[in-house]
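Commentary on secondary and tertiary structure
These are the residues of each chain, in order.
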Amino acid sequence: MVGIVSNNSGNSLLQQVQERQNNLLERLASGKKVNSAADGAAAQQIIDRLSSQIGGNQQALNNVYDGISLAQIGDAALSGVTDDVNRIRELSIQAGNGLLTDADRSALQQEVTQLQDNIRDTLENTNFNGNSLFTSDSTINFQSGANAGQSIGVNTRDLPTALNDILNADISTAAGAQTALDSADSAIETVGSNRAEFGAVQNRFESTARQLTTQAENEAAARSRIQDTDFAQTTSDLAASQVLSQANIAVQAQSNQQQSQVLSLLS
């Protein structure tokens, strides 16, 4: 009876050692020391929370890069508009030359008309993923973080209305040339203000992108410390477990042999 209890105790210890070995082998195979909640409920909860945060930050980073692209597209379009308005201004000054005839001013107006058409096309056709940037006063919001309330808005403007005077300027007369000059100055101010706004929001997006990248790196490192296998330590633990398993098997074999000898004497 004593021998049977001892044998059961030995089997239980051997089973524990084998389970320990299986756990260590799983860690080495997966590269993770926490493969399920059974390996550490609190650790698994932290890992899940960090994983959710990392995934959210990565998507937010993608959103922020889209925001940067939008700002760059808007600024590039307005840069072209600025060039066209400046050219209209130059032509307006030229049309103010008293030596020009009405025919000369009409020729200048033909170029102005082409520039005005170009400005209209730019304002009407500049969009990002189907969102027009210059045809209405609105805001395009970008989720810029993994949590609620973290967003950056990009304002859009109804620039065809704001630039109506320059888009309808007529320098075919001396008086019209003077009016066009005032309209051009006003248009340059309006376009410049919108370009500055795009520049400011682009800087904000870029700053947020740097913050998200740093945060993601720190969170990934924290998750790794909790989740990833220490291969050197785990390999050492596995070797020790294997030695313990072999020793336990040897002891159990010796115990079985002694038990057999006792039973032989009793018989």
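Cut-offs applied
Residues numbered from 1 in each chain as written. Predicted model: local features only at pLDDT ≥ 70, side-chain atom pairs only at ≥ 80, totals over all residues. Heavy atoms only, no water. UniProt positions renumbered as here; feature names shortened; annotations may be inferred. Salt bridge = Lys/Arg side-chain N within 4 Å of Asp/Glu carboxyl O. Helix = DSSP H or I, 4+ residues; strand = E, 2+ residues; numbered from the N terminus. Buried < 20%, exposed > 50% of the residue type's maximum accessible area, 1.4 Å probe, protein only. Phe/Tyr/Trp six-rings, centres within 6.5 Å; stacked < 30°, edge-to-face > 60°. Expected span 1.5 Å × (residues − 1). Core = buried A, V, L, I, M, F, W, Y, C linked by side-chain atoms within 4.5 Å. Contact = heavy atoms within 4.5 Å.

Looking at an unreviewed UniProt entry, the protein carries the name Flagellin, with the source organism given as Planctobacterium marinum. The Sequence similarities (unreviewed entry) comment attached to the protein in UniProt states, word for word, "Belongs to the bacterial flagellin family." Here is the UniProt Function (unreviewed entry) comment for the protein, exactly as written: "Flagellin is the subunit protein which polymerizes to form the filaments of bacterial flagella."

It is worth spelling out the pattern of salt bridges at this point. All chains considered together, the criterion is met by seven salt bridges. The residue Asp-75 makes a salt bridge to Arg-195 at a minimum N-O spacing of 2.9 Å. Of the two residues, Asp-75 sits in helix H2 (residues 41–95) while Arg-195 sits in helix H6 (residues 174–227), which places them 120 residues apart along the sequence. Accessibility expressed as a relative area gives 24% for Asp-75, which makes it partly exposed. On the basis of relative accessibility, which here comes to 27%, the residue Arg-195 falls in the partly exposed class. A salt bridge links Asp-185 to Arg-89; the nearest nitrogen and oxygen atoms lie 2.5 Å apart. Taken as a pair, Asp-185 in helix H6 and Arg-89 in helix H2 lie far apart in primary sequence, 96 residues in all.

To describe a pair of aromatic rings, you give the distance between the ring centres and the angle between the ring planes. Applying the stated criterion across every chain, the model contains two aromatic pairs. Between Phe-134 and Phe-198 the ring centres are 6.0 Å apart and the planes differ by 85 degrees, which places this aromatic pair in the edge-to-face class. Of this pair, Phe-134 sits in the loop between strand S2 (131–132) and strand S3 (135–143) while Phe-198 is found in helix H6, placing the two residues 64 residues apart along the sequence.

With that settled, consider helix H3 (residues 102–125). Spanning 24 residues, H3 covers 34 Å between terminal C-alpha atoms, matching the ideal 34 Å at 1.5 Å per step. The set of residues buried in H3 consists of Arg-105, Leu-108, Gln-109, Val-112, Leu-115, Gln-116, Ile-119 and Leu-123.

Right, let's get into the nonpolar core. Among the nonpolar cores identified, the biggest contains 41 residues, and Leu-70, Leu-123, Phe-134, Leu-163, Ile-166, Ile-171 and Phe-205 are the most heavily contacted of them. Elements with a contribution of two residues or more to this core: H2, H3, S3, strand S4 (151–158), helix H5 (164–167) and H6. Take this core: its biggest share by element is 13 residues, from H2. In this structure Leu-163 touches Val-81, Leu-123, Ala-187, Thr-190 and Val-191, once residues within four positions along its chain are discounted.

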